[in-house]
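Overview (structure and organization)
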Amino acid sequence: MAEAGFNAARALLEPHLANGREAHTAFIDPTGRLTYGQLERNVNAFGHLLASFGIVRETRVALLMHDTLAWPVSFLGAIAAGAVPVALNTLLTGEQYRYILNDSRAKALFVSAALLPVIEPILRDLPHLTHVFVAGGEAPSYAVSLEQALTGQPTHAVAVDTHRDETAFWLYSSGSTGMPKGTRHLHTSMAATADLFGRQVLGLTGDDVVLSAAKLFFAYGLGNALSFPLAVGATTILHPGRPTPDDMFALLARHNVSVFFGVPTLYAAMLAHREQALAEGIACASHHEGANAAVAASRALPALRFGVSAGEALPADVGESFKAQFGVDLIDGVGSTEMLHIYVSNRPDDIRYGTSGKPVPGYRIRLVDEEGADVPDGEVGEMIVEGPSAADGYWNQRAKSRATFQGTWTRSGDKYTRDAEGYFTYAGRTDDMFKVSGIWVSPFEVESALVSHPDVLEAAVVPATDEEGLLKPKAFVVLKEGAGEDGLEANLKEQVKARAGPWKYPRWIVFAPDLPKTATGKIQRFKLREL
């Protein structure tokens, strides 16, 4: 049927060429920029490049690249040509890449030159891989320079009539333990999230300039920095490096960023960075290039409309402090790789810090108990979600697909409560919850109470066994720079008793230099439990 035809890349690019925005900037990275017209031509050239190397429709191609102009060109170019890009986390080990590349059976690998040293030792173990393309540097004898391969390719569109229910791309879901799972998303998924969350919730427009701390290979970053801005004709700032507070403040100011996407850990670090700058006696900053990091950290952000937070629930204290310091709100929401992006969120005009907000339009949410029955308001239940962006399942993981994707509903693995007004409040991951004296304890609730102390930067809470064999909360706490431990443990315990409940206070507090996290910034509590 004709109406079944749909291509995710074409849907993002062609409207802007038709409405005269060809010269508008789509992406900026440290080396240059691409207009919408240049992006479309490069995407077409990429499709012809694939064809010239015998890479046909439905063939999987792996992308292991930093966030530069080459990333959206390669990702969209593969989709436009009917191939299936597999976006890879740039922070994994050689062993993990060996597993993913063999699991996906990718025929081609597009890799940033800086990441070649991680890949080279495993190339002999990849029997399905036939082509390696290197971006942003010289290609060794076994590979091809992506930039050179694109030169001279035709720039007219490759004619591929993809189906709306056809697999468009894969993202590997890391989970908390074990090897990652290949999550297959359809051609319609990006359009759905861009409309339901990007347009309807955030209200993004073509005048926005966006910056995402989360990288493009994450589901969160892919929406933030690619599908959302492209859907409305906005401009994206790409940052290939690690998202430090220094770099984020500099980019926000330099490019007059209007919408910033971060994670709770980064927002807390930015606040601490600014506090440190002010403590050093810097009260304000100039806007000229070359201002040092301390000056940048104390600067107001006049162009910023709001920040968005996901990855983990945002502690209320962090959101309220960011609003007080910079005059802009942080919009907290919850999403997943399996659903591609955020499905419960606060709104720019409806923010209740300490909650994840309400369902995004187009999504249905239920909280269920262990038997699958709906729980009443105020009680903890597992969040399950129904919506148009659900993945088509995990690759070669039938049992896990069945456990997660149940009919039209997708299990999130998150525990939540819902209040009488319809706001959802995070309680923890299903495997993070535990009972004390027969009462459920939410690690996040205790952590939020700890983080509200002015000396605490981060906190993680896990169950530990006391001398009587009973479970009690144990906290790992990272202090802000310059904070002292003397007398703080007793102070923190009393604070938790007052804010979260007398039975929830941590019986043990360990002051740590940092916390184990995933690349998305999620705290890996299972590693702390193992300690």
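Look up a bit, the structure's there.
To keep things clear, this report deals only with the structure shown in the data block. (Residues numbered from 1 in each chain as written. Predicted model: local features only at pLDDT ≥ 70, side-chain atom pairs only at ≥ 80, totals over all residues. Heavy atoms only, no water.)

1. Here's the deal with empty space enclosed by the protein
Across all of its chains, the model carries 1 cavity of 30 Å³ or more by this definition. Approximately 180 Å³ is the volume attributed to the largest cavity. In terms of lining, the largest cavity is formed by 16 residues, of which the most central are Pro 264, Glu 312, Pro 315, Ala 459 and Ile 523. If one sorts the elements of the lining of the largest cavity by residue count, helix α14 (residues 443–451) sits on top with 4 residues. (1 Å grid on protein atoms, 1.4 Å probe; cavity = no way out; pocket = protein on both sides within 12 Å on 5 of 7 lines; lining within 4 Å. Points joined across faces, edges and corners; volume = space filled by probe spheres on them. Helix = DSSP H or I, 4+ residues; strand = E, 2+ residues; numbered from the N terminus.)

2. Here we look at the side chain of Ser 401
Relative to the helices and strands, Ser 401 resides in helix α13 (residues 398–404). A polar contact is formed between the side chain of Ser 401 and the backbone nitrogen of Tyr 394, at a distance of 2.9 Å. Sequence-distant contacts of Ser 401, that is, excluding residues within four places in its chain, are made with Gly 393 and Tyr 394. (Polar contact = N/O pair within 3.5 Å; in protein donor to acceptor, adjacent residues only side chain to side chain. Contact = heavy atoms within 4.5 Å.)

3. Some points on the side chain of Thr 193
Locating Thr 193 in the fold gives a position in helix α7 (residues 189–199). Beyond its immediate chain neighbours, meaning those up to four positions away, Thr 193 contacts Gly 198, Ser 227, Phe 228, Met 339, Leu 340, His 341, Tyr 363 and Ser 389.

4. Considering helix α2 (residues 36–52)
Owing to its 3.6 residues per turn, the α-helix brings residues three or four apart onto one side. End to end, α2 covers 24 Å across 17 residues, agreeing with the expected 24 Å (1.5 Å per residue, within 8%). The element α2 is extensively covered by neighbouring structure, given that 12 of its 17 residues are classed as buried. Among the residues of α2, those classed as buried are Tyr 36, Gly 37, Leu 39, Glu 40, Val 43, Asn 44, Ala 45, Phe 46, Gly 47, His 48, Leu 49 and Leu 50. Positive backbone phi, approximately 75 degrees, marks Gly 54, located one or two places after α2. (Expected span 1.5 Å × (residues − 1). Buried < 20%, exposed > 50% of the residue type's maximum accessible area, 1.4 Å probe, protein only.)

5. So, the layout of surface pockets
Here the second largest pocket defines a volume of roughly 360 Å³. Along the walls of the second largest pocket sit 20 residues, with Thr 68, Leu 69, Ala 70, Gly 136 and Glu 147 positioned nearest its centre. Sorting the residues of the lining of the second largest pocket by element identifies α3 (70–80) and α6 (146–150) as the ones contributing at least two each. Its residues assigned to classes, the lining of the second largest pocket shows 11 nonpolar, 7 polar and 2 charged. (Nonpolar A, V, L, I, M, F, W, Y, C, P; charged D, E, K, R; others polar.)

6. Some points on the sheet that holds strand β24 (residues 456–465)
Strand order in the open sheet formed by 3 strands is β24-β25-β26, and the pairing between neighbours is mixed. In this open sheet, the two edge strands, each paired with only one partner strand, are β24 and β26 (508–511). Geometrically, the sheet is characterised by an average inter-axis angle of 25 degrees between neighbouring strands, direction not taken into account. Here strand β25 (residues 471–479) pairs with β26 via 4 bridges, running parallel. Among the inter-strand pairings, Val 477 is bridged to a residue of β26, identified as Phe 511. Contacting β24 and β25, α14 crosses the sheet at an angle of about 140 degrees to β24. Of the strands in this sheet, β24, β25 and β26 are in contact with helix α15 (residues 488–499), which crosses β26 at around 125 degrees. (Pairing = 2+ DSSP bridges. Axes fitted to C-alpha atoms, helices over the stretch in contact; angles between N-to-C directions.)

7. Some remarks on the nonpolar core
A general trend in soluble globular proteins is that nonpolar side chains are found buried together. In this structure, Leu 39, Phe 75, Phe 110, Met 190, Leu 226 and Phe 260 are the most contacted members of the largest nonpolar core, which totals 129 residues. For this core, the element with the most residues is helix α8 (residues 219–232), which contributes 9 residues. Excluding anything up to four places from it in sequence, Phe 260 contacts Leu 211, Ala 213, Met 248, Leu 252, Leu 266, Tyr 267, Met 270, Leu 304, Phe 306, Gly 307 and Val 308. By size, the runner-up hydrophobic cluster in this structure holds 23 residues, among which are Leu 101, Leu 109, Val 111 and Trp 170. (Core = buried A, V, L, I, M, F, W, Y, C linked by side-chain atoms within 4.5 Å.)

8. Regarding the pairing of strand β15 (residues 342–345)
Looking at chain direction, strand β14 (residues 330–335) and β15 are connected through 3 bridges and run antiparallel. In the strand pairing of β15, Gly 333 is matched with Ser 345. Linking β14 to β15, which pair antiparallel, is a turn of 6 residues; within it Leu 340 sits at a positive phi near 80 degrees. Strand direction decides the pairing type here: β15 and strand β16 (residues 358–359), joined by 2 bridges, are antiparallel. Bridge pairing in β16 places Val 344 opposite Pro 359.

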